[in-house]
Amino acid sequence: MFQDFKVFVKGVVVTALVLFGLDLILRTYHGYTYRDSWHAISNAACDTNTTLTSAPSTASSKVGKVFMQYGPVNPVYERALSTHHPHNEKFGYPIFLLRSQTLPDYWSKTAYILKILIDELEKPLESRLEWLFWFDSDIVLMNPNIPLEIFLPPNDKWSHIHVLISQDHRGLNNGCFGIRVHEYSVWLLSATLSIKTYLPDIKLKIGDQSALEYWLQSTQFRNGTMHMPQRWFNAYAGYRGRADYSDPLLPQRKFRPNSIKEGDILVHHAGHKQLRMARMEPWVAVAEQHLPQWELQLSQTTYLQEIQKFWETEADKEYERVTAFREVSGYHYL
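Residues numbered from 1 in each chain as written. Predicted model: local features only at pLDDT ≥ 70, side-chain atom pairs only at ≥ 80, totals over all residues. Heavy atoms only, no water.

Peer 1: Tell me what's going on with the sheet that holds strand β5 (residues 163-168), and back it up with residues and numbers.
Peer 2: Read from one edge of the open sheet, 6 strands run β2-β1-β3-β6-β5-β7, paired in mixed fashion. Of all the strands in the sheet, just β2 (95-98) and β7 (225-227) have a single pairing partner and so form its edges. Direction aside, neighbouring strands of the sheet carry axes that sit 25° apart on average. Pairing between β5 and β7: 3 bridges, direction parallel. Looking at the pairing, Leu 164 lines up with Met 226 of β7. (Pairing = 2+ DSSP bridges. Helix = DSSP H or I, 4+ residues; strand = E, 2+ residues; numbered from the N terminus. Axes fitted to C-alpha atoms, helices over the stretch in contact; angles between N-to-C directions.)

Peer 1: Which residues make up the nonpolar core, and what values do they have?
Peer 2: By size, the foremost hydrophobic cluster in this structure holds 37 residues, and its most contacted members are Ile 113, Leu 132, Ile 179 and Leu 188. Secondary-structure elements contributing two or more residues to this core are β1 (63-68), β2, α5 (107-121), β3 (131-135), β5, β6 (171-180), α7 (183-198) and α8 (207-216). Grouped together as the second largest cluster of nonpolar side chains are 33 residues, Leu 97, Trp 131, Leu 148 and Phe 233 included. (Core = buried A, V, L, I, M, F, W, Y, C linked by side-chain atoms within 4.5 Å. Buried < 20%, exposed > 50% of the residue type's maximum accessible area, 1.4 Å probe, protein only.)

Peer 1: Can you break down unusual backbone geometry residue by residue, with the values?
Peer 2: With a phi close to 50°, His 272 is a non-glycine residue in the positive phi region. Mapping His 272 onto the fold places it in the loop between β10 (266-268) and α10 (276-289). Positive phi, normally seen in glycine, also occurs at His 290, with a value near 55°. Looking at the secondary structure, you find His 290 in the loop between α10 and α11 (303-314).

Peer 1: A description of α11 should follow, citing residues and the corresponding values.
Peer 2: Within the span of α11, buried status applies to Tyr 303, Ile 307, Phe 310 and Trp 311. Considered in projection along α11, the buried side chains sweep an arc of 85° and stay on one side of the axis. Among the exposed residues of α11, those pointing more than 90 degrees away from its buried face are Gln 305, Lys 309 and Glu 312. Next to the buried residues of α11 lie α6 (155-158), β7, α9 (230-234) and α12 (318-329). (Arc of directions from axis to C-beta. Contact = heavy atoms within 4.5 Å.)

Written out as C-alpha cells, the structure is:
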C-alpha cells in the first residue's frame, strides 16, 4: 500500500513538472496573461485568448476569480460572464479567464487553477492573492453587493481549511468553490490531474469533478476541506413558476435548501444542457436590470447570521460529513 502511494506521489511530481513546461510554452508562444482585472468582455469574446486590463476601481482584494470560456461564442454565456463586472469593480477582484482549451473535456479547469496557484506562490508573500474562487460559465451573478470574503474561514481556529465547496443531491459540485493559495492546493490539484494516469481503475462519474471529489474525501486531503451549504455560493434556480423553467420574478413554489433566494450572490444552472440557454436567459436578464429585490445589501440578507452560526455549530461536524459522503460515493482508497 505504501509503495503504491509512493508511486502515485512520483506521478504527481511528474505531472507538476509537465505543467510547468506547459506554462512556459503558453507564456512564450501565446502571450497568456492571467492576473488582470475586468475589461469589456463582450468586445473580447471573439479573441482566442483574452488579456484583460484594469477596471476603474479603487478597491483591492486578496481574492481572485477564475473563469473558463472558449469555443464558439455563446451570447448567453458572455452575458452571464459580464454580470460579474459590477461585483469585480465594487470589491476589486482580479479575474483570470481562460479562452483556449488546453486539455480534453473539462480538465482544462483543474490545470488552469493549478497554473494560477503556482504563479501566485512564485510571488513575494505580500504580493500574492490569498484565495481563488472558481465560477462555471453557467453561473449568473445576481447580487454584486455580497463580498466573497464573508465565506472565508475564520483564521483563529480554521486556518487549516484550504478548500470551500458544496454538495448537491448527486455528490460534489464544483461549479463554484474557493481554494486557498497554498502548497496544499497545489498538491490537491496535481493529484486530481494525475488520477486517470496513476489510478486508472477508479470510476469517475463526472470526470474532473469526481476526481476532485475522490481526493477531497481522502485521508490525505479531507482535513483541509470544508463542505458548506450549497445555497450560499453555488445555489440552483429551484422551483419558480413553470415546472421546466424557473422565473426569477416569481416566488418559490417549492422550497429546497439549495435553491437561491432573493439577495443571494449567484445562481448556477447545472445540468440540463439542452435547456440550459433557455433557463439561463431570464436570470441573466434580471441580473442585467439590477432590480432592488435581488440586489439587497449584505445587512439585508441572512448571510452573516447563517455563516456565524455555521462556524460556531456546524463546522466541527466536517469529519462526520465527509465520512457520510465516502459511504455514498463508494470510493476505495489506498
